[in-house]
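Structural overview for review
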Amino acid sequence: MITFLTAVILLIAGYFIYGKFVARYIGVDPSRTTPAYEINDGVDYTPMPTWKIFVIQFLNIAGLGPIFGAVSGAAFGPAAYIWIVVGCIFMGAVHDFLAGMMSIRNGGVNMPDLTGKYLGKGMRGFMNVVVAFLLLAVGVSFVIGPSGLMENLTGVSKTVWLYVIFGYYIIATLLPVDKIIGSVYPFMGAILLFMALGVGIMLIVGEINGTHQMMELTPAVLKNWHSNPEKNLIFPMMFIVISCGAISGFHATQSPMMARCLKNEKYARPVFYGAMIAEGIVTMIWATAAIAYCGGPEGLNNAMTSVGTEINGVLVQNAQPADLVDMICKSWLGKAGAVIAILGVVICPITSGDTAFRSLRLSVADFLKYDQKPIVKRLIVCVPIFAIAFFFCKVDFSTAWSYLGIANQILAALVMWTGAAYLINKGKQHWMCSIPAAFLTFICVCFLIVAPLGFGLKPIIGYIAGGVVALASFIFCIVKGSKRTL
């Protein structure tokens with residue numbers, strides 16, 4: 001319990017200490033007019049209450065990432081706790097805050113335009129490709145997954161649910177941001193927070209009454225607990241599996257959306273940095289819960305393989321993260337937990353999926369310099385996007401999800417390099433962005449070299465290649481950042 005409580009306290013302290021430092025260093029200015037008022041078009045640029053923006057931002061960046069990613073990442077053991085806490089405070093929250101602030105300072109534009117401004121046109125083109133791929137992968141994943149779950153729950157065919165979910169996505173993507181997203185999503189975000197809070201409380205209660213035991217972080221347990229450690233190295237695999245809750249490039253596609261609705265820069269820290277800290281706490285809860293519920297990381301690995309493990313008198317084998325979430329909620333939260341679990345694994349991914357498609361619409365429109373105030377023009381952009389997405393829905397969910405992780409962290413690295421160049425351009429020190437950017441670049445290159453989805457080569461080759469590319473990227477960023485002018 002000491003490790004769990006310490007981690008939560010550190011995350012909260014990170015918001016008040018490092019988050020405040022970052023906000024002051026960037027130079028938050030309450031006197032500046034934000035794009036919500038400066039451009040107000042009543043569609044994508046529209047002022048909204050800060051509490052509502054915070055909850056929407058939290059739900060947009062969270063979805064099932066801090067749940068499924070945490071459960072899967074916990075298979076590596078308690079080393080995941082370190083990555084969640086350190087990554088969230090010094091990387092993920094900075095990443096989300098910079099993405100939001102850079103957008104606010106540049107008229108609410110999306111990340112590809114920001115990257116082009118501070119790193120050059122070539123990087124803008126590369127960023128556009130990565131963003132489009134990631135948003136499409138998120139959208140498709142969060143159509144395939146929920147439709148399959150709804151088929152199991154209702155008996156109605158998956159194809160029917162595909163049409164239903166796509167129909168909703170089209171409506172939510174076309175309507176002004178304050179209609180469906182601004183009206184309904186705060187309640188969905190509250191459900192996600194309530195579920196995490198309930199599980200967190202039961203973690204502590206169960207530890208006290210002896211029904212389960214949390215694993216403490218000690219040197220002896222800092223090893224790779226994964227059932228297949230040869231192919232699932234902590235470096236780099238764990239840092240790809242656990243993205244939401246530590247650092248996630250997808251968040252940079254969501255922060256500009258809320259940057260267009262923020263009333264005042266002084267609310268940037270609670271909305272952007274704060275929402276990420278909240279997600280880090282949720283991730284910590286679920287990673288700890290998965291290990292405790294299964295009797296340790298070894299039991300968790302067995303539960304997710306054919307080996308199997310006995311949990312509460314029941315043999316659990318080949319369990320997916322959704323299965324474990326369902327079992328934990330039902331066991332610890334009773335009937336209410338069963339309802340919450342259904343809402344969580346079905347509704348939450350849908351709410352992230354539609355904002356992914358909305359962000360993709362905005363990114364395409366920004367690239368084409370195509371006005372989005374008239375609904376006809378929004379429709380013109382949306383139709384080809386959804387046609388392509390529907391085609392890719394024939395892909396298996398696990399395949400789509402596999403490629404999502406690496407695209408996510410590549411985008412996060414690009415965003416942090418953009419942030420570093422932005423700081424250089426402002427005459428400030430860049431280390432709060434360039435160090436995380438270099439680390440993520442190393443991780444991503446290493447993963448592509450070592451992972452079975454990539455080249456499948458020896459780890460040492462991946463480590464060398466990762467180091468070389470990270471160093472080259474650092475030099476490139478310094479040079480480009482110094483040359484760019486506002």
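Nothing here was measured: the structure is a model prediction, and the numbers come from that model.

Observations concerning the environment of Pro236
Looking at the element boundaries, Pro236 is found in helix H11 (residues 234-241). On the accessibility criterion, Pro236 (0% relative accessible area) is buried. In the structure, Pro236 is positioned 211 residues away from Phe447 in sequence and 5.6 Å away in space, judged by C-alpha atoms. Not counting chain neighbours up to four residues away, the residues in contact with Pro236 comprise Ile443, Cys446 and Phe447.

Topic: the packing of H11 against helix H18 (residues 431-450)
Running from N to C, H11 and H18 point in directions that differ by 110°, and their axes come no closer than 9 Å. Between H11 and H18, the interaxial angle falls into the category roughly perpendicular. In contact with Phe235, Pro236, Met237, Phe239 and Ile240 of H11, H18 contributes Phe439, Ile443, Cys446, Phe447 and Val450. Among the residues forming the contact of H11 with H18, the class breakdown is 10 nonpolar, no polar and no charged.

Brief notes about the packing of aromatic side chains
Under the definition given, this model contains 22 aromatic pairs. Between Tyr293 and Trp332, the ring centres sit 5.9 Å apart and the planes meet at 75°, which makes this aromatic pair edge-to-face. Of the two residues, Tyr293 sits in helix H13 (residues 268-293) while Trp332 sits in helix H15 (residues 321-368), which places them 39 residues apart along the sequence. Classification of Tyr293 as buried rests on a relative accessible area of 11%. The buried category is assigned to Trp332, whose relative accessible area is 13%. Stacked on the ring of Trp225, the Lys or Arg Lys223 has its end atom at 4.3 Å from the ring centre. The cationic tip of Arg269 hangs over the ring face of Tyr15; the distance from NZ or CZ to the ring centre is 4.5 Å.

So, helix H19 (residues 459-483)
Helix length check: H19 (25 residues) gives 36 Å between terminal C-alpha atoms against 36 Å at 1.5 Å per residue, within 8%. Listed in full, the buried residues belonging to H19 are Gly462, Gly466, Ala470, Ser473, Cys477 and Gly481.

Comments concerning the layout of surface pockets
Approximately 320 Å³ is the volume found for the second largest pocket. When contributions to the lining of the second largest pocket are tallied by element, the ones reaching two or more residues are helix H8 (121-154), H15 and helix H16 (375-392). Partitioning the lining of the second largest pocket into residue classes produces 13 nonpolar, two polar and no charged.

Concerning helix H9 (residues 158-174)
The terminal C-alpha atoms of H9 lie 24 Å apart, and with 17 residues this matches the ideal 24 Å at 1.5 Å per residue to within 8%. Within H9, the full set of buried residues consists of Trp161, Leu162, Ile165, Phe166, Tyr169, Ala172, Thr173 and Leu174.

Notes on the nonpolar core
If you look at the biggest cluster of nonpolar residues, it comprises 166 residues, and the most contacted ones within it are Phe97 and Trp286. Top contributing element to this core by residue count: H13, with 19 residues. The residues touching Phe97, leaving out its near neighbours within four places in the chain, are Val22, Ala23, Ile26, Val28, Ala268, Arg269, Phe272 and Tyr273.

Here we look at the environment of Tyr25
One can find Tyr25 in helix H2 (residues 18-26). Owing to a relative accessible area of 22%, Tyr25 belongs among the partly exposed residues under this scheme. Those residues within four positions of Tyr25 in sequence are excluded, and the remaining contacts are Leu423, Lys428, Gln429 and Met432. Within polar-contact distance, the side chain of Tyr25 engages the backbone nitrogen of Gln429 at 2.6 Å.

Describing the side chain of Thr309
Inspection of the secondary structure puts Thr309 in strand E1 (residues 309-311). Accessibility expressed as a relative area gives 15% for Thr309, which makes it buried. If near-sequence neighbours (up to four positions away) are discounted, Thr309 is found in contact with Gly299, Asn302, Ala303, Val314, Leu315 and Val316.

Some thoughts on a nonpolar patch on the surface
On the surface, Phe235, Phe455, Leu457, Ile460, Ile461, Tyr463, Ile464 and Val468 cluster together into a nonpolar patch covering about 780 Å² of accessible area. Following the sequence through the fold, Leu457 ends up in the loop between H18 and H19. Looking at Leu457, the relative accessible area reads 41%, which means it is partly exposed.

Overview of empty space enclosed by the protein
Throughout the structure, instances matching the rule amount to one cavity of 30 Å³ or more. By volume, the largest cavity amounts to about 30 Å³. Lining the largest cavity are Asn110, Pro112, Asp113, Arg124, Asn128, Ser363, Asp366 and Phe367. Those elements giving two or more residues to the lining of the largest cavity turn out to be helix H7 (111-119), H8 and H15.

A look at the confidence of the model for the protein chain
Here the protein chain averages 91 in pLDDT, while 98% of its residues score no lower than 70. Mean pLDDT across the elements of the protein chain ranges from a minimum in H15, with 83, to a maximum in helix H6 (residues 79-105), with 98.

Focus on unusual backbone geometry
Residues Phe235 and Pro236 are joined by a peptide bond in cis, for which omega reads 15°. Positive phi is not limited to glycine here, since Asn318 has a value of about 50°. Considering the arrangement of structural elements, one finds Asn318 in the loop between strand E2 (314-316) and H15. Judged by relative accessible area, which is 47%, Asn318 ranks as partly exposed. Even without being a glycine, Lys369 presents a positive backbone phi close to 55°.

About the criteria used
- In this convention, every chain numbers its residues from 1, walking through the sequence in written order.
- pLDDT decides what is reported in this predicted model: residues at 70 or higher carry local features, side-chain atom pairs at 80 or more are listed and counted, and totals for whole chains, interfaces and linings draw on all residues regardless.
- The basis for every side-chain value is the complete set of heavy atoms in the structure, and neither hydrogens nor water enter the calculation.
- Helix and strand definitions follow DSSP, with helices as H or I runs of at least four residues and strands as E runs of at least two, each counted in order from the N terminus.
- Remark: exposure states derive from per-residue accessible area (1.4 Å probe, protein chains only) relative to the maximum for the residue type, with buried under 20%, exposed over 50%, and partly exposed in between.
- What makes two residues a contact is simply this: any of their non-hydrogen atoms within 4.5 Å.
- Orientation is described by lines fitted to C-alpha atoms, with helices fitted over the stretch in contact, and by angles between N-to-C directions that extend from 0 to 180 degrees.
- Throughout, the term roughly parallel applies to angles under 35 degrees, roughly antiparallel to angles over 145, roughly perpendicular to angles from 65 to 115, and oblique to all others.
- For this classification, the nonpolar set comprises Ala, Val, Leu, Ile, Met, Phe, Trp, Tyr, Cys and Pro, the charged set comprises Asp, Glu, Lys and Arg, and every other residue, Gly included, is treated as polar.
- Between the rings of Phe, Tyr and Trp (Trp by its six-membered ring), a pair exists once the centres lie within 6.5 Å; its type follows the angle of the planes, with under 30 degrees stacked, over 60 edge-to-face, and the other angles tilted.
- In this scheme, Lys NZ or Arg CZ marks a charge over a ring once it lies within 6 Å of the ring centre and within 35 degrees of the ring normal.
- Each helix should span, by expectation, one fewer than its residue count multiplied by 1.5 Å.
- Cavities and pockets are found on a 1 Å grid laid over the protein atoms alone: a cavity is a set of points where a 1.4 Å probe fits but cannot escape, a pocket is an open set with protein on both sides within 12 Å along at least five of seven lines, and a lining residue has an atom within 4 Å of such a point.
- Grid points are joined across faces, edges and corners, and a volume is the space filled by probe spheres set on the points.
- Nine residue types can take part in a nonpolar core, namely buried Ala, Val, Leu, Ile, Met, Phe, Trp, Tyr and Cys, and a core is a set of them joined through side-chain atoms within 4.5 Å.
- N or O atoms closer than or at 3.5 Å make up a polar contact, with two conditions inside protein: a donor-capable atom paired with an acceptor-capable one, and, for residues adjacent in sequence, both atoms drawn from side chains.
- By definition, no residue in a patch forms a salt bridge, and every one has over 30% relative accessible area; like charges are joined within 9 Å, nonpolar side chains (Val, Leu, Ile, Met, Phe, Trp, Tyr) within 5 Å.
- Shrake-Rupley sampling with a 1.4 Å probe provides the accessible areas, and residues are treated as covered by the protein chains on show and by no other component.
- Should a side-chain nitrogen of Lys or Arg be within 4 Å of a carboxyl oxygen of Asp or Glu, the pair is scored as a salt bridge.
- Each residue carries a pLDDT score, the predictor's confidence in it, ranging from 0 to 100.

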